[in-house]
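Topology and contacts: notes
So the chains spell out like this:
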Amino acid sequence: MKNFKTLLFVALISSFCLNAQNNDTKKADKQFARFEFVKAAESYNKLIEKGKGSPYVYGQLAESYYNIFNTVEAEKWYAKALESSEDPEMIYKYSQMLKANGKYDESNAQMEKFASMRPSDNRATAYRKNPNYLPKILDQGKKFNVQSAGFNTAQSEFGGTINDGKLYIASGRNDNRKNYGWNQEPFLDIYTLTKNTDGAYDGATLMNDQINTKFHEGLVSFSPDGKTMYFSRESYFEKVFEKDSTSNTRFSQLYLFKATKLGDDWDTVEALSINSENYSVKNPSVSADGKTLYFSSDMPGGYGLYDVYKAPINDDGTIGTPENLGQKVNTEAQEMFPYISSNNTLYFSSNGHLGLGGMDVFYTKVIDGKLAPVRNVGIPINSNADDFAFTIDEEAEEGFVSSNRDGGQGSDDVYLFKKLQPLCDVLVVATILDDKTREPIAGATVSIYDAEGNKLTSKPSNEQGIAEFIIECDKQAELEAIAEDYESKKVTVSATSEEEVPVQISLSPIEEIITPEQIVLNPIFFEFDKSNITAQAAFELDKLVEIMNKYPDLVINATSHTDSRGSDAYNQRLSQRRAKSTQQYVISKGIDESRISAEGKGESELKVDCGANCTDEQHQENRRSEFLIVSGGPQQQ
C-alpha cells in the first residue's frame, strides 16, 4: 500500500507539472527553450507574483538563473523548489550555488544529501573522500580543543604515548618513592593506562622494576613494530654522577635506554651508546619508519642550554652519530621534548622562540631536505606557563600535551586535545598596481580562491594597494583583482610552507583590450557539450560588461566557434547555444539586449585549417568566442 500511495503521489505531481507547463508557463518555457534566460526568468517571476508558482516554476526559474550565473537568485529558487522535490541533480546544483555564495556549511549539508542519494556518483565519492574540501581562512586563534585528562593527580603527570592500546605517561604519584628535592614530589615513574568504554583513560599501572627504579624515569617512544621501547632515566642507576664537595649534593645526567618486549612485559634494558657522563640525553622520539631517533641534549657544540638532535638507528639497533638540527630549530635557550609525527612534522617545546610565556610548543617540517619555518602552535595548546611533551596522531588529529598552567590538579598535568583546523598557514600579501604607472590601486576588489575554484573571501585593497589573506600551507590558491577602468586579472599562488608570500598583481587599463574591430578577451571556456556560463566565463564576460557600461553606444556581435570535430549541423547548434548563453549573461548584467547580438558560427570559420591532423592546441585555438564591434566605442568618440 505504501508503494502504491507513493507512486500515486509522484504521478499527481508529474501531471500537475505537465499541466502547469502546458497552460501557465508556455511563454516562459518557450523563452527558456530559446536560451533567453533573462526573459524566461522575468516570465517565471511574473507567474509567481500572480500566485501561480509551483515546484516546476521554481525549478525552471532556478535553472534560468543558474545558466546566467546569478548565484544568489539561483540559490533562492532552488531552495524553494526543493521544498517539494528530492531531485538529486537539483540538490547538487543547489549545493554549488550555496558554495559560490560562501555558505560552505550549508553547501556541505546538501552535498551530504546528494552523496547519500547517489553514492556511486563520482562527485559523491570524491566528496566522501574529503568532506572538508572547502578550505577555511585560518584563524590565528584556537585550532585545538583542549581538556584536562581524567587521570591527573596532585603530583606531576606528563607525556602521552600510545602503544598496543596502552597510554604511557610519567608520574610522581608513587608515594612509596622518596621525594625529589626540586619539587618535593616523589621521583617519577612510568605508568600505563587503558582506555575504557567511554573513551577515558584509567587504571594507572606501575611498570615493572626492570623499567622503573628509585630514581627518575621519563618519556617513552616506540619502534614501529612496538617491540622496542626507548625511555629516559637518571644516570644514578648507572652509578654515574658528580658530587658537590661543599653541599654533598649529587648531580646526575639523564640517559637514554631501550627495552625489549617479551610477551606482555618489558625486559632486557640496555643503555644507548650516545650516553655520556659529561652531558644529558633525554626525551626520545622515534620516526615513523623507525630509522631515526630524535632527542634533546646539552652536549657540547650546541647552540643553547638544550638542543634538539637526531641520530640514525642502524639495522642492528645501534645508534649512529648525533646531528644537531641547527639554528632554525635551536636557540640560545632550551629546545626539548621533540616529537616526530607520522607525517614527519617535528614538534618541540622551547623558551627561546617567541611564545606566550614559559615553554611553548612549536613545529616545523622537512621539505625537500630543508626545514620549513618554525611556527608556534598557538592557543589553547600553549599558555603563559610551560607547555611541553606534545604528541599527536596525525590521522585521528588528536593527542596529548602537558602543562603546568593554572587550573590543573598537580604541578604538571596531561591534557587531551583534538585538532579543529589545519595547523600550518601562510600569509599572502597581495599588492595591486597600475601596470603603466606602477602606482598602487586602492579600492580594488581582491578575492582568493582555493585550487578547486571556490571563493574563500574578498576584501578591498588599502591605500597602499595591499590586501592580505591567510591560507593553509602547501595548498595552491588563486588571487583575483578587479578594479574600475582596469582589466581584471587572476594569478596563481603556488603551494608553499613559507610564513609569508608577497604577490604583485599589475592591472592594465581596460582600453587595452579594445581594438578597432573587437573586444579581445581571454578564451571563454565551456564544459564539454554544454552551454551554461561557468565561473571562468563570467569572469571574462564581466570585462565586456564593464566596457559596454563605459561606452553606452557600443554595440557588440558575440560569435561562438567550434573546432572541426563533430558534424557541421551539431557544431552549428552547439555554437548557437553558447553564443546565446553569452548574450544572455551580458543582458542579465543590465546591458540592453539591442546592444548585443548572438551568432553561432559552428566550424565555418576555422582559425587554423588543419584538416584531420589537428593537434589539441589547434582544436583549442579553433574553439573560441569573439566579440566584434558593430558600432560605437572609443573609436567613435
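Here is what the cut-offs are and how they apply
- Residues numbered from 1 in each chain as written.
- Predicted model: local features only at pLDDT ≥ 70, side-chain atom pairs only at ≥ 80, totals over all residues.
- Heavy atoms only, no water.
- Disulfide = S-S within 2.5 Å.
- Buried < 20%, exposed > 50% of the residue type's maximum accessible area, 1.4 Å probe, protein only.
- Phe/Tyr/Trp six-rings, centres within 6.5 Å; stacked < 30°, edge-to-face > 60°.
- Helix = DSSP H or I, 4+ residues; strand = E, 2+ residues; numbered from the N terminus.
- Lys NZ or Arg CZ within 6 Å of the ring centre and 35° of its normal.
- Core = buried A, V, L, I, M, F, W, Y, C linked by side-chain atoms within 4.5 Å.
- Pairing = 2+ DSSP bridges.
- Axes fitted to C-alpha atoms, helices over the stretch in contact; angles between N-to-C directions.
- Parallel < 35°, antiparallel > 145°, perpendicular 65-115°, else oblique.
- Contact = heavy atoms within 4.5 Å.
- Nonpolar A, V, L, I, M, F, W, Y, C, P; charged D, E, K, R; others polar.
- Salt bridge = Lys/Arg side-chain N within 4 Å of Asp/Glu carboxyl O.
- Polar contact = N/O pair within 3.5 Å; in protein donor to acceptor, adjacent residues only side chain to side chain.
- pLDDT = per-residue confidence, 0-100.

1. Focus: the state of the cysteines
This structure, assessed with the given rule, holds one disulfide. Through a disulfide, Cys610 is tied to Cys614; the S-S separation comes to 1.7 Å. Measuring handedness by torsion sign, the sulfur bridge of Cys610 and Cys614 sits at about 100° and is right-handed. The exposure classification of Cys610 matches that of Cys614, with both residues buried.

2. A closer look at the packing of aromatic side chains
Under the defined criterion, the tally for this structure stands at 18 aromatic pairs. Between Phe390 and Phe417, the aromatic rings sit 4.8 Å apart at their centres with planes inclined by 15°, giving stacked as the arrangement. Pair noted here: Phe390 is in strand E23 (residues 387-393) and Phe417 is in strand E25 (residues 413-419), with a separation of 27 residues, a long-range link. Per residue, the accessibility class of Phe390 equals that of Phe417, and both read buried. Here the guanidinium or amino end of Arg405 rests over the ring plane of Tyr415, the centre of that ring lying 5.0 Å away. It is Lys490 that lies over the ring of Tyr449; its NZ or CZ is 4.9 Å from the centre.

3. Some words on the nonpolar core
Inside soluble globular proteins, nonpolar side chains tend to come together where they are buried. Core analysis: the largest hydrophobic core is formed by 58 residues, its most contacted members being Tyr44, Ile519, Leu544, Ile556 and Phe627. Counting residues in hydrophobic clusters, the runner-up holds 39 residues, among them Tyr339, Ala430, Val446 and Cys473.

4. Quick notes on the sheet that holds strand E14 (residues 281-286)
Taking strand neighbours across the sheet as the criterion, the four strands line up as E14-E15-E16-E17 in an open arrangement whose pairing is antiparallel. Strands with a single pairing partner mark the edges of an open sheet, and in this sheet they are E14 and strand E17 (323-324). The pairing of strand E15 (residues 292-297) with strand E16 (residues 307-312) spans six bridges and is antiparallel. Looking at the pairing, Tyr294 lines up with Lys310 of E16.

5. Focus on the pairing of strand E34 (residues 555-561)
Counting buried residues in E34 gives six out of seven residues, a clear majority hidden from the surface. When E34 meets strand E36 (residues 624-631), the two strands line up antiparallel, connected through seven bridges. Across the sheet, residue Ala558 finds its bridge partner in E36, namely Phe627. Bridge count for E34 against strand E35 (residues 596-602) is six bridges, and the pairing is parallel.

6. Some details on the packing of helix H3 (residues 37-49) against helix H10 (residues 568-588)
Close contact between H3 and H10 brings their axes to 8 Å; oriented N to C, the two are set at 55°. By the criterion of interaxial angle, the relationship of H3 to H10 is oblique. From H3, Phe37, Val38 and Lys39 reach across to H10, where they touch Ser581, Gln584, Ile587 and Ser588. Of the residues contributing to the contact of H3 with H10, the split by class is three nonpolar, three polar and one charged.

7. Thoughts on the pattern of salt bridges
Under the definition given, this model contains 23 salt bridges. The partner of Asp485 in a salt bridge is Lys550, with the nearest N and O atoms 3.5 Å apart. One end of the pair, Asp485, is in the loop between strand E30 (477-482) and strand E31 (489-493); the other, Lys550, is in helix H9 (residues 535-550), and 65 residues separate them in sequence. A salt bridge links Asp563 to Arg565; its shortest N-O distance comes to 3.0 Å. You can call Asp563 buried: its relative accessible area is 6%. Via salt bridges that share partners, Asp485, Glu511 and Lys550 belong to a single interconnected network.

8. A few points about unusual backbone geometry
A negative phi angle is the norm for most residues apart from glycine, just as the trans form is the norm for most peptide bonds. With omega at 5°, the peptide bond leading from Ile379 into Pro380 counts as cis. If you trace the backbone, Pro380 turns up in the loop between strand E22 (375-376) and E23. At Ala389, a position not held by glycine, the phi torsion is positive, near 55°. Tracing the sequence through the fold places Ala389 in strand E23. For Glu397, which is not a glycine, the phi torsion comes out positive at approximately 60°. Along the chain, Glu397 falls in the loop between E23 and strand E24 (398-403).

9. Let's talk about the side chain of Arg375
Along the chain, Arg375 turns up in strand E22. Classification of Arg375 as buried rests on a relative accessible area of 8%. From its side chain, Arg375 meets the backbone oxygen of Glu498 in a polar contact 3.1 Å long.

10. As for the confidence of the model for the chain
Per-residue pLDDT for the chain averages 86, and the proportion of residues at 70 or more is 90%. Low confidence marks residues 1-19, where pLDDT is under 50. Its contacts with residues over four positions away, or in another chain, come to four contacts. Across residues 133-140, where pLDDT falls below 50, the model places 28 contacts with residues more than four positions away in sequence or in other chains.

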